[in-house]
Amino acid sequence: MQVGFLNPVSYAGAPATTAWPVAPALCDREAVSATMHRAKEQLRLADELGFDWVSVSEHHYSPRIMTPSPMIYAGAITEVVKRAKIAVLGPLLPLSNPVRVAEELAMLDAMSDGRIIVLFLRGTANEILTYRSNPDEAQAVTQEGIDLILHAWTEPQPFGWEGRYFNYRTVSVWPRTVQAPHRPVFSSGIKQRVALYKDAAAKEGWEPTAENVLYRFWAHVAESDEVAERNTSRFKVQMGLTRNMSKDVTKSLRESPPEKLEFDRPFLCGGPATVIDQIGALREAGVGAMDIAFVWPGLSYQQQLESMERFARDVLPHVRDL
Amino acid sequence: MSSFKEGVLEYNGLTIRYAESGEGQPVVVFPAGEGALLDDVAAALALQHRVIVLDAPTSGVGKVQDFAKNLAQAFAGLGVVSFSVIGVSQGTTLALAQTIYTPEQVQRLVLLSPPLALVQHPELGARLREVKAPTLVLVGTRDRSGSREAGHRCREQIPACHLLLVYDAGQVIAADRREACLSPIGEFLEQGEGFIVSHESQMIRP
């Protein structure tokens, strides 16, 4: 089982509104600095504790995860994290110039001596509003963007691209990726898309293994199940940042409702023995890679660090060989 | 859509049927296979160019060098002394030969889905560096026939060559994504290598 640490870069100030976007006036400048210092401290810790990678994602206009530019952040990580891989999970392609994304990730791969892992994403419904992308085309744009980036990393000669959504006449990415032919690339999907992925792989003559299936979630590990329950039961997490938007907006976004809107507790939650069992069940379901955020509303920063350390000490050694 | 009129070119033992339509700078099309006298792309190009689509030669092909020189003479009989060349799949061999052996006549070369055999051709494969005309090679991203490798070789060896990947197109590239082929080919025929520069306004509102 591969285990990654999702660096949340969550706002260190007082909890802000759950609306989206969040007004910049609510952002305390000193808390921003504290956030970045904490995030860097967690990165160093994850590297020391033996996580296989540290990951960063892209979100906008919100205190939840303050990395609107995952590339800048990953660049900083290359200087902080010396051993673990660096997972950029991941750039939102409908908001991006894919050639630029290919160039920046190639730079990161070089800067990290080939430690970059990538996941390309379409973005949640609210992210589409960030730069006024078209939600109706987001999936097709993402798919074409992925294809373009893979070509940008592998074509040996300069080329042009005549796409449906992207058009370039000169693409020739330097530096090349250190990893050949390119770094590992994940894609996102719900159950139906995972089935499509397996079908497509079969047509190409190969079968995905568990290491090809990555699951990202929250976790809290305490000394016992009772303490973990007590630490996390005061708050729930509501998914979907568009839920407070005008109906005119949500109707226009044509957002598919998530399978689950509200979570009572972290996906992994309990004492070490319970969490080991939970991971065993996950492995039996075909998951061979996890990306874990040790955050939950109401947990202090110190509790997050303790949960992370306990996971590394009391859980990680027992799930490595699953 | 322009209508094509058919004719026969004859010179020095060479006999080849052709179809012609449109006005403007001449463009000679070497189609993919026998009997493929016309295709949709040629018809669309004929709105802006004098398009001459060749059929498979019925006699007098011989060596490709002789074929190219005889064909250029035959074109002169039509008043066509300077032209661009488009080769489609198997037709890219004669298109490339025309460009190499009559460099004064060929202004631009366009190759769609060139087969690997083109760059492995015993005579032409070693002479790619001699191509004088600006060249555009189009290859579909779903084409697994070897066109991509051929495109790489062309891009590497032809001095002024541009390789264009057409997203989500297979080997029959113009059928899969007609507009995605027509637009760059039209711009390339008009502007040559200048087609890589965009003059499309990025202004949203004045």
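Our subject is the structure listed above.
Everything numeric in this text was worked out from a predicted model, so none of it was measured.

Draft legend 1. Here's a closer look at the overall build of chain B. Tallying secondary structure elements over chain B gives 7 helices and 8 strands in all. Scaling as 2.2 N^0.38, a compact globule of 206 residues should have a C-alpha radius of gyration of about 17 Å, and chain B matches this with 16 Å. With the C-alpha coordinates of chain B rotated into their principal frame, the extents come out at 60 × 35 × 30 Å. Across the 206 residues of chain B, 55% fall into the buried class. Counting contacts in chain B only where the partners sit at least 6 residues apart, residues at least 24 apart contribute 72% of the total. For chain B, the exposed surface amounts to about 9,400 Å²; the carbon and sulfur share of it is 46%. Of the charged side chains in chain B, 17 are positive and 22 negative; the average position of the first set lies 5 Å away from that of the second.

Draft legend 2. Representation of the interface of chain A and chain B within the structure. In this complex, chain A contributes 19 residues to the contact, which on the side of chain B involves 18 residues. In this structure, the connection of chain A to chain B is made through 4 salt bridges. The shortest N-O distance in the salt bridge between B:Glu187 and A:Arg169 comes to 2.9 Å. Between chain A and chain B we count 11 residue pairs in polar contact (both at pLDDT 80 or more) in total. Looking at the side of chain A that touches chain B, the elements with two or more residues in it are α4 (138–154), β5 (159–162) and β6 (167–171) of chain A. By residue number, the principal contributor to the side of chain A that touches chain B is α4(A), which donates 5 residues. Across the side of chain A that touches chain B, the residue classes break down as 5 nonpolar, 7 polar and 7 charged. Of the pairings in the sheet, the one linking β5(A) to strand β8 (residues 161–166) of chain B comprises 3 bridges and is parallel in character. Bridged to A:Gly160 within β8(B) is B:Leu164.

Draft legend 3. Region of interest: the sheet that holds strand β6 (residues 106–112) of chain B. The strand order across the open sheet formed by 10 strands is β6(A)-β5(A)-β8(B)-β7(B)-β6(B)-β5(B)-β3(B)-β4(B)-β2(B)-β1(B), and the pairing between neighbours is mixed. Edge positions in the sheet fall to β6 of chain A together with β1 (5–11) of chain B, since each of these pairs with one other strand and no more. Ignoring strand direction, the axes of neighbouring strands in this sheet form an average angle of 20°. In this sheet, strand β4 (residues 50–54) of chain B lies alongside strand β3 (residues 26–30) of chain B in parallel orientation, the contact comprising 4 bridges. Of the residues in β4(B), the one forming a bridge with B:Val29 is B:Val53. The strands that helix α2 (residues 64–77) of chain B touches are β1, β2 (14–21), β3, β4 and β5 (83–88) of chain B; relative to β1(B), the one it contacts most, it runs at about 120°. Contacts from helix α5 (residues 147–157) of chain B reach β6, β7 (135–140) and β8 of chain B, with the element oriented near 155° to β8(B).

Draft legend 4. Focus on the nonpolar core. Residues A:Leu105, A:Phe311 and B:Leu54 are the most contacted members of the largest nonpolar core, which totals 105 residues. If one sorts the elements of this core by residue count, helix α9 (residues 301–319) of chain A sits on top with 8 residues. Core analysis: the next-biggest nonpolar cluster, separate from the first, contains 30 residues, B:Val51, B:Val88, B:Leu182 and B:Phe195 among them.

Draft legend 5. Region of the structure containing the pattern of salt bridges. One pass over the structure, following the stated rule, counts 21 salt bridges over all chains. Two residues, A:Arg320 and A:Asp52, come together in a salt bridge whose shortest N-O distance is 2.8 Å. Placement of A:Arg320 in the segment after α9 and of A:Asp52 in the loop between α1 (29–49) and β2 (53–56) is noted, with a sequence separation of 268 residues between them. Its salt-bridge partner being A:Asp314, residue A:Arg313 comes within 3.3 Å of it at the nearest N-O pair. For A:Arg313, a relative accessible area of 53% puts it in the exposed group. Each of A:Arg164, B:Arg142, B:Asp168 and B:Asp176 takes part in salt bridges that share partners, so that together they form one network.

Draft legend 6. How the structure looks around unusual backbone geometry. A cis geometry characterises the amide bond from A:Leu89 onward to A:Gly90, with omega recorded as -10°. For A:Gly90, the position within the fold is in strand β3 (residues 85–92). The amide bond that connects A:Ala180 to the next residue, A:Pro181, takes the cis arrangement and shows omega of -5°. Structurally, the position occupied by A:Pro181 is in the loop between β6 and β7 (185–187). The phi dihedral of B:Asn12 is positive, around 50°, even though this residue is not glycine. One can find B:Asn12 in the loop between β1 and β2. The phi dihedral of B:Ser89 falls on the positive side, at around 50°, and the residue is not glycine. Structurally, B:Ser89 is set in the loop between β5 and α3 (92–101).

Draft legend 7. Representation of the sheet that holds strand β11 (residues 268–270) of chain A in the model. Residue and element names in this part refer to chain A. In spatial order, the strands read β7-β4-β3-β2-β1-β12-β8-β11; together these 8 strands make up an open sheet with parallel pairing. At either end of the open sheet lies a strand with only one pairing partner, and these are β7 and β11. Between one strand axis and the next, the sheet turns by 30° as a mean value, whatever way the strands run. One ladder, built from 4 bridges, connects strand β1 (residues 2–6) with strand β12 (residues 289–293); its direction is parallel. From the neighbouring strand, glycine 4 faces β12, where its bridge partner is aspartate 291. Strand contacts of helix α2 (residues 70–80): β2 and β3, with the helix running at about 175° to β3, the strand carrying the most contacts. Against the sheet, α4 touches β4 (116–121) and β7, its axis set at about 150° to β4.

Rules behind the numbers
Residues numbered from 1 in each chain as written. Chains lettered and ligands numbered in written order. Predicted model: local features only at pLDDT ≥ 70, side-chain atom pairs only at ≥ 80, totals over all residues. Heavy atoms only, no water. Helix = DSSP H or I, 4+ residues; strand = E, 2+ residues; numbered from the N terminus. Rg over C-alpha atoms; globule rule 2.2 N^0.38 Å. Buried < 20%, exposed > 50% of the residue type's maximum accessible area, 1.4 Å probe, protein only. Contact = heavy atoms within 4.5 Å. Areas by Shrake-Rupley, 256 points an atom, 1.4 Å probe, with all protein chains shown as cover. Lys, Arg positive; Asp, Glu negative; His and termini not counted. Charge placed at Lys NZ, Arg CZ, Asp CG, Glu CD. Salt bridge = Lys/Arg side-chain N within 4 Å of Asp/Glu carboxyl O. Polar contact = N/O pair within 3.5 Å; in protein donor to acceptor, adjacent residues only side chain to side chain. Nonpolar A, V, L, I, M, F, W, Y, C, P; charged D, E, K, R; others polar. Pairing = 2+ DSSP bridges. Axes fitted to C-alpha atoms, helices over the stretch in contact; angles between N-to-C directions. Core = buried A, V, L, I, M, F, W, Y, C linked by side-chain atoms within 4.5 Å.

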